[in-house]
Amino acid sequence: MPAKKKSDVEVIITWRGNAHDFNGVSPERGRSNLKGGDRLEFAISSRTGLFQPKAVPGIGAFEVSGNHLLLSNFTTCSTFAVENLEGGAELIKVRPRRLDMVIPFEMSRVLIPSDLGIVELDVFSPPPVVLGPEQDARVAESDMFKLDTASKYFAVLVALCEPRLHGSSMAAVPSVQEVVERLRTTEQFKDANRSSINYHIEYLTDQKLPVSHWAKYVDGGRMHAKREALVAFALRFDLVREEHLAVLPDLYGRKRTAEVAPATLRPLPRRISRAAFLV
């Protein structure tokens, strides 16, 4: 596979512009395009709390090196957080004084704390380099955690993961009763109750996914700890992905008709168009 040329690599960074809008129109967004070898230092205005590109001295810097975007944190006490915009509750931390940390996400949200609030940047890095269809992977696909996407236990697992699949790493895991209410509009779960949903949670933790030992260390292994462990494990290894939301009913209680691929360990597909964030 040929390597990308330096001129082919581009990183796009966007941020909120005007702090106030008096005409009912969304605030303008600033934008910076970086090519291979480019570096952008930045600061946060102490007066407006807005992002300031090309500020010197800055509190941090972006740099494009090869096919990677690097982020440095020049502060002494503030941690920057980088969230994956494509969901799964993935997050990395760029701690104070950390230099040249690789941002591993193709589309990410960088959160920078300041005295006036949290500054958010949307960052679009170069697409990842992957094996082509004509190239065989060196390791066969694992069936260790293969799940039956047509099963009731898998629908319960997807319902538990749903809030965090929508891109919020801080979303609460649904309660058992919330899962009952989310699923009972389908024929498969028309008689669902707390006991039946708890049964599927127990089956997942005891038979399908090796998370029982995780749950035991939180609040004595009570049910809500098992739900947290299931969600963390399933999202960490891409066993549940956004495409699997098709197994849940839509807002009107009807079953979606999208095809659902088997839930096995595979690369996370792109789910969000860059254009949606660049308007």
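Cut-offs and rules
- Residues numbered from 1 in each chain as written.
- Predicted model: local features only at pLDDT ≥ 70, side-chain atom pairs only at ≥ 80, totals over all residues.
- Heavy atoms only, no water.
- Helix = DSSP H or I, 4+ residues; strand = E, 2+ residues; numbered from the N terminus.
- Buried < 20%, exposed > 50% of the residue type's maximum accessible area, 1.4 Å probe, protein only.
- Contact = heavy atoms within 4.5 Å.
- Areas by Shrake-Rupley, 256 points an atom, 1.4 Å probe, with all protein chains shown as cover.
- Expected span 1.5 Å × (residues − 1).
- Bend = angle between axes of the 7 residues up to and from the residue.
- pLDDT = per-residue confidence, 0-100.
- Salt bridge = Lys/Arg side-chain N within 4 Å of Asp/Glu carboxyl O.
- Pairing = 2+ DSSP bridges.
- Axes fitted to C-alpha atoms, helices over the stretch in contact; angles between N-to-C directions.
- Arc of directions from axis to C-beta.

*Asks:* Is there a simple way to think about the overall build of the protein in this case?
*Replies:* Summing up its helical and strand segments, the protein has 5 helices and 11 strands in all. Across the 279 residues in the protein, those meeting the buried criterion constitute 42%. Across the protein, contacts joining residues at least 24 apart in sequence account for 54% of those joining residues at least 6 apart. Roughly 15800 Å² of accessible area belongs to the protein as shown, and the carbon and sulfur atoms make up 51% of that amount.

*Asks:* I tried to follow helix α1 (residues 152–165) on my own but got confused; where do I start?
*Replies:* Each full turn of the α-helix corresponds to 3.6 residues, which orients residues three or four apart in the same direction. An ideal rise of 1.5 Å per residue puts 20 Å on 14 residues; α1 measures up with 19 Å between its terminal C-alpha atoms. Taking the largest bend as the criterion, α1 deviates by roughly 30 degrees, centred on A159, and proline P163 comes between one and four positions later. In terms of burial, α1 is largely enclosed, as 12 of its 14 residues are buried. Those residues of α1 that sit buried are Y153, F154, A155, V156, L157, V158, A159, L160, C161, E162, R164 and L165.

*Asks:* Could you clarify how one ought to interpret the confidence of the model for the protein in this entry?
*Replies:* One rule of thumb: low pLDDT means the predicted coordinates there are not for detailed reading. Taken over all residues, the pLDDT of the protein has a mean of 80, while the share at 70 or more is 73%. The least confident element of the protein, judged by mean pLDDT, is helix α4 (residues 212–215) at 64; the most confident is helix α2 (residues 176–183) at 95. Of the regions scoring below 50 in pLDDT, residues 20–25 engages in 2 contacts with residues more than four places distant in sequence or in other chains.

*Asks:* Help me out: how do you make sense of the pattern of salt bridges in this one?
*Replies:* Side-chain pairs of opposite charge can arise whenever the charged atoms involved come near each other. Summed over the entire model, instances satisfying the criterion amount to 12 salt bridges. The partner of R164 in a salt bridge is E228, and the shortest N-O contact between them spans 3.4 Å. Of this pair, R164 sits in helix α1 while E228 is found in helix α5 (residues 223–236), placing the two residues 64 residues apart along the sequence. With a relative accessible area of 16%, R164 lands in the buried category. Notably, a salt bridge pairs K226 with E202, separated by 2.9 Å at the nearest N-O pair. Residue K226 is located in helix α5, and its partner E202 is located in helix α3 (residues 194–208); the two are separated by 24 residues in the primary sequence. Owing to a relative accessible area of 16%, K226 belongs among the buried residues under this scheme.

*Asks:* It is not clear to me how the pairing of strand β10 (residues 107–114) should be interpreted in this structure. Could you clarify?
*Replies:* Within a regular strand, the side chains alternate between the two sheet faces. Strand direction decides the pairing type here: strand β7 (residues 80–84) and β10, joined by 4 bridges, are antiparallel. Among the inter-strand pairings, E83 is bridged to a residue of β10, identified as R109. Two strands pair when backbone bridges link them, and β10 and strand β11 (residues 117–124) are joined in this way by 8 bridges, in the antiparallel orientation. The residue bridging S114 from the neighbouring strand is G117, located in β11. The hairpin turn running from β10 into β11, its antiparallel successor, is 2 residues long.

*Asks:* How should I be thinking about the pairing of strand β2 (residues 29–35) in this particular structure?
*Replies:* Across the two faces of β2 the burial differs, with G30, S32 and L34 buried and R29, R31, N33 and K35 not buried at all. One ladder, built from 7 bridges, connects strand β1 (residues 10–16) with β2; its direction is antiparallel. When the bridges of β2 are listed, R16 appears paired with R29.

*Asks:* So what exactly am I meant to see when it comes to the sheet that holds β11 here?
*Replies:* By definition, the strands of a sheet pair up through backbone hydrogen bonds, in either a parallel or an antiparallel sense. Taking strand neighbours across the sheet as the criterion, the 6 strands line up as β2-β1-β11-β10-β7-β8 in an open arrangement whose pairing is antiparallel. Only two strands of the sheet have a single partner each, and these edge strands are β2 and β8 (91–94). Each neighbouring strand pair of the sheet contributes to a mean axis angle of 25 degrees, computed without reference to strand direction. Bridge count for β7 against β8 is 4 bridges, and the pairing is antiparallel. What sits directly across from V82, in β8, is I92.

*Asks:* How do you make sense of α2 when you look at a structure like this?
*Replies:* Among all positions in α2, only V176, V179, V180 and L183 are buried. All buried residues of α2 project into a common sector of 105 degrees when viewed along the axis, lining one side.

*Asks:* Before we go on, may I ask you to explain the environment of E242 in this structure?
*Replies:* Looking at where E242 falls in the secondary structure, it is placed in the segment after α5. The spacing of E242 and R164 is 78 residues in sequence and 9.7 Å in space, taken between C-alpha atoms.

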